[in-house]
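Analysis of the macromolecular model
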Amino acid sequence: MSSSNYTVADLVAEFLHACGVTTAFGIVSVHNVPMLDAIGRRNAIRFVAPRGEMGGGHMADAYARVSGGLGVLITSTGPGAANAVPALVEARFAGSPVLHITGQTPTRFIDRDMGSVHDVPGQTAMLASVCKAAYRVRAAGETFGILTRAAAEALTAPAGPVSVEIPIDLQRAAVERPAGLDHLVLPIPGPLVPDEKALDEAAEIFAKAKRPMVWLGNGAKHARAQAMALLELGFGAVNSWNGRGIVPEDHPMTFGGMNGNGSPRIQEFYQTVDAMLVAGSRLRAHETAELSVKLPKTIVQADIDPRANGRTYPSTLFVHGDAALVMEGLAKRLKGRIAVDPAFAADFQETKRRAVAEYCEGLGPYADFPAQIRKAMPRDAVWVRDVTMSHTTWGNRIFPVLGPRDSVHPVGAAIGPGLPLGIGAALAAGPQGRKTVVMTGDGGFAVNLPELWTAVQERADLVTIVMNDRGYGIIKVIQNAVADGRHFAADPELPKLEPLAALVGMPFFRVSEASAFGETVAKALAVSGPVLVEVDMQAIGAIPPYPPYSNMGVYARDRAKAGG
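What comes next is a walk through the structure.

1. Quick look at unusual backbone geometry
Cis geometry is adopted by the peptide bond preceding Pro158, which originates at Ala157 and carries an omega value of -10 degrees. Among the secondary structure elements, Pro158 is positioned in the loop between α7 (143-155) and β6 (162-167). Its identity is not glycine, yet Leu291 carries a phi of approximately 70 degrees, on the positive side. One can find Leu291 in the loop between β9 (275-279) and β10 (299-303).

Structure below.
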């Protein structure tokens, strides 16, 4: 292609490829045809066409979480960009590096409210309100610079979504091909090095500790080796729900997702811990029961964001730095200096055993579902959930996650992203030879139901489990607590799933007995491509409420009987 025929749209397509992007998601429309045509002509990127921009955005998000690279979403302007907002909100919650490229009306119409097709005055502000940043290309010559900054910003910790608007007339504009595309290196800063004196001070705290722990968050996903080094020194571990699998959760010295929310026994154990390192976690109010989970009194918090200092729980010491470097520095300083209580490991493991067993006893007929499905799934499988009763009661707490990129769920707690998150995860995991399982409720499944056709079209290697209780079970629990049990607007109609699977062209399995859950999932996993599994919860029985709407299980009842 001669330089006179090279356009901004060509630059976008080549830029994405130069960034290492191999898969992108989006919907073709009047204001992005040049960019998608350029991507198609180059034929270097797999372009996945979802049925809606919200679904496509969730796919790009999950693709980024599982692959560890940049997720890309391309939409049209106005309604198309607005439809992507829920997915961008979730990507921001989850800290996912998503580059959202959207078209715009011709530059002569922008922000003038002249009624041009898809024109939404203030679109940039709308996108900026839910992203890390939002940029508009105002001249063809600045496209490369803006794209470079946007992609780098999305990938720079704390990662998150960044939007770029490119007006339709500029997409067609001729531009000199940037020489920087030949050897593109995004300007992503290196890990933030913690202050040596702060590390020394932290080491002094932990050198005196007899029962130390580390709480691992999303900001420590890259730090498995450093976390394991602390465990080798005698630390116990636990993680946030967005930091699962950093330490494999079948390791005896991690509580995994049982981080105290809904488990008084775990919280009681925390009071015997004399120092806790919080590495790369916000200690979010959502998963600490609005900050009511009782953590140890001595907390050393390590984070790259100085705003984390005291934002939720007060810290004894704040170390500004990359979680991996902080843990590495601590481990070096503590080697040979820390003398952990000889009884700590046994106490920790017994607490874990009893807490999990007690929690399972509070799950009614679903008590062994976590063990059944863990046995059925390959060790490296990706575990995706929607916000459902099953996710909230056991999927996010006691199902063992074994790898830092094996777990995907709506961190923002929205109902509905599960299916498209599962598709995006499967398209990232499939080339790695990994299986993906998504668990959703029937209400959440309906929100993005058309994306079933995307799964079939793309041959996503995905088992979709629909926990079908014929309604918004999670909402009904809340209505029982705050609306005197009136289940207003909580019973959406859903098509029968077996005929739906036949219509889509997808193999179908049904589970009507609790004991058949694991073996049915195993059969579904043996099938290549997308498979639908329905769990008939009306046949199996109701799942008990989740904390704080439950009685906290057997442990709470036993303590009440004992008067303690």
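After that view of the structure, there is still more to cover.
2. Focus: the packing of helix α14 (residues 369-376) against helix α21 (residues 517-525)
Two quantities define a packed helix pair, namely the angle between the helix axes and the distance between the axes. In the contact formed by α14 and α21, the axes pass within 8 Å of each other and the chain directions differ by 25 degrees. By the angle between their directions, the pair α14 and α21 is classed as roughly parallel. Helix-helix and strand crossings are classified by hand; for α14 and α21 the assignment is right-handed. The residues of α21 that touch α14, namely those facing Phe369, Gln372, Ile373 and Ala376, are Phe517, Gly518, Val521, Ala522 and Leu525.

3. Some points on empty space enclosed by the protein
Within the structure shown, the criterion is met by 2 cavities of 30 Å³ or more. Approximately 130 Å³ is the volume attributed to the largest cavity. Thr388, Met389, Gly441, Gly471 and Gly473 are the residues nearest the centre of the largest cavity, which is lined by 16 residues in total. Of all the secondary-structure elements, those providing two or more residues to the lining of the largest cavity are α15 (389-395), α17 (442-447) and α19 (473-482). Broken down by element, the lining of the largest cavity gets its largest block of residues, 3 residues, from α17. Residue classes in the lining of the largest cavity are distributed as 7 nonpolar, 7 polar and 2 charged.

4. Let's talk about the pattern of salt bridges
Within the structure shown, the criterion is met by 28 salt bridges. The closest approach of N and O atoms between Arg284 and Glu287, which form a salt bridge, is 3.7 Å. For the pair shown, Arg284 and Glu287 are each scored as buried. One salt-bridge network, held together by shared partners, links Asp10, Asp37 and Arg41.

5. With respect to the nonpolar core
The biggest cluster of nonpolar side chains holds 89 residues, and the ones touching the most others in it are Met213, Val214, Tyr270, Met327, Ile373, Trp394 and Ile465. By residue number, the principal contributor to this core is helix α12 (residues 323-334), which donates 7 residues. Judged by nonpolar contacts, the second largest core, of 40 residues, contains Val8, Leu11, Leu147 and Ala152.

6. A short note on the sheet that holds strand β3 (residues 71-75)
By way of backbone hydrogen bonds, the strands of a sheet pair with one another, either parallel or antiparallel. An order of β2-β1-β3-β4-β6-β5 is seen for the 6 strands of this open sheet, with the pairing classed as parallel. Two strands close off the open sheet at either side, each with one partner strand: β2 (46-48) and β5 (133-136). Each neighbouring strand pair of the sheet contributes to a mean axis angle of 20 degrees, computed without reference to strand direction. In this sheet, strand β4 (residues 98-104) lies alongside β3 in parallel orientation, the contact comprising 5 bridges. Note that in β4 the partner of Thr75 across the bridge is Thr102.

About the thresholds
Position labels on residues start from 1 in each chain and follow its written sequence. In view of the model being predicted, local features appear only for residues whose pLDDT reaches at least 70, and side-chain atom pairs are presented and counted only at 80 or more, with totals across whole chains, interfaces and linings using the full set of residues. The side-chain numbers reported here are obtained from all heavy atoms of the structure, hydrogens and water having been left aside. The helix and strand labels rest on DSSP assignments: H or I over at least four residues marks a helix, E over at least two residues marks a strand, and numbering proceeds from the N terminus. Interaxial angle, 0 to 180 degrees, is taken between N-to-C directions of lines fitted to C-alpha atoms, where a helix line uses only the stretch in contact. Note that the term roughly parallel is reserved for angles under 35 degrees, roughly antiparallel for angles over 145, roughly perpendicular for angles of 65 to 115, and oblique for everything else. By definition, turning the near helix anticlockwise from the far helix through less than a right angle yields a left-handed crossing, and turning it clockwise yields a right-handed one. When checking whether two residues touch, look at their non-hydrogen atoms; a contact exists if any pair is within 4.5 Å. The way it works is a 1 Å grid over only the protein atoms, where trapped points that fit a 1.4 Å probe form a cavity and open points with protein on both sides within 12 Å along at least five of seven lines form a pocket, and then any residue with an atom within 4 Å of a point lines it. Grid points are joined across faces, edges and corners, and a volume is the space filled by probe spheres set on the points. We call Asp, Glu, Lys and Arg charged. Ala, Val, Leu, Ile, Met, Phe, Trp, Tyr, Cys and Pro are nonpolar, and the rest, Gly among them, are polar. In the sections that follow, a salt bridge refers to a side-chain nitrogen of Lys or Arg positioned within 4 Å of a carboxyl oxygen of Asp or Glu. Burial status follows relative accessibility: with a 1.4 Å probe on protein chains alone, a residue under 20% of its type maximum counts as buried, one over 50% as exposed, and anything between as partly exposed. Nonpolar cores are built from buried Ala, Val, Leu, Ile, Met, Phe, Trp, Tyr and Cys residues. Side-chain atoms within 4.5 Å join them into one set. Two strands qualify as a pair provided that DSSP identifies no fewer than 2 bridges between them.

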